[in-house]
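Coordinates in review
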Amino acid sequence: DPQGATLAVRDTGSGIAPENLSRIFDNGFSTRGDRRRGLGLGITERLCARAGGKIVVDSRLGEGTSFTLWLPRAF
């Protein structure tokens, strides 16, 4: 893409439940039942937005999840 770069990451895991998709970028949100807190996706989303990019998630239960990160080209 002459305007930027795209990076896609996919897995074939269990996927993310539809009711959780809107929360995955929230600081502290985790689908794990233990005491861990999720920060990585929230930090990634904010850094991406600050750079003028975007991150998109597509997930299907039982099939897996993909994250696509787009960052604009620095001129």
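Let us look at the structure shown here.

The rules we used
- Residues numbered from 1 in each chain as written.
- Predicted model: local features only at pLDDT ≥ 70, side-chain atom pairs only at ≥ 80, totals over all residues.
- Heavy atoms only, no water.
- Pairing = 2+ DSSP bridges.
- Helix = DSSP H or I, 4+ residues; strand = E, 2+ residues; numbered from the N terminus.
- Patch = residues over 30% accessible without salt bridge, like charges linked within 9 Å, V, L, I, M, F, W, Y side chains within 5 Å.
- Areas by Shrake-Rupley, 256 points an atom, 1.4 Å probe, with all protein chains shown as cover.
- Salt bridge = Lys/Arg side-chain N within 4 Å of Asp/Glu carboxyl O.
- Buried < 20%, exposed > 50% of the residue type's maximum accessible area, 1.4 Å probe, protein only.
- Core = buried A, V, L, I, M, F, W, Y, C linked by side-chain atoms within 4.5 Å.
- Contact = heavy atoms within 4.5 Å.
- Axes fitted to C-alpha atoms, helices over the stretch in contact; angles between N-to-C directions.

1. Here's the deal with the pairing of strand 2 (residues 54-60)
Across 7 bridges, strand 2 lies against strand 3 (residues 64-72) in antiparallel orientation. Looking at strand 3, one finds that Lys 54 is bridged to Trp 70. Hairpin connection from strand 2 to strand 3: 3 residues lie between these consecutive antiparallel strands, with Gly 62 at a positive phi of about 80°.

2. Notes on a nonpolar patch on the surface
Together, Leu 39, Ile 43 and Leu 47 line one region of the surface with nonpolar side chains, adding up to about 270 Å² of accessible area. Structurally, the position occupied by Ile 43 is in helix 2 (residues 40-50).

3. Structural notes on the environment of Pro 18
Mapped onto the elements of the fold, Pro 18 is located in helix 1 (residues 18-21). We classify Pro 18 as exposed; its relative accessible area is 56%. Each C-alpha atom, one on Pro 18 and one on Leu 61, is 8.2 Å from the other, the two residues being 43 residues apart in sequence.

4. Considering the nonpolar core
In terms of nonpolar packing, the biggest core is built from 8 residues, these being Ile 16, Ile 24, Phe 25, Phe 29, Cys 48, Ile 55, Phe 67 and Leu 69. Ignoring any residue separated from it by four or fewer positions in sequence, one finds Ile 24 in contact with Ile 16, Phe 29, Leu 41, Val 57 and Phe 67.

5. Examining the sheet that holds strand 3
Within the open sheet, the 3 strands sit side by side as 1-3-2. Their pairing is antiparallel. Across the chains shown, the open sheet's two edge strands, defined by having one partner strand only, are strand 1 (4-10) and strand 2. The sheet shows a mean angle of 15° between the axes of neighbouring strands, taken without regard to direction. Pairing geometry for strand 1 and strand 3, over 7 bridges, is antiparallel. Bridge assignment links Thr 6 to a residue of strand 3, and that residue is Trp 70.

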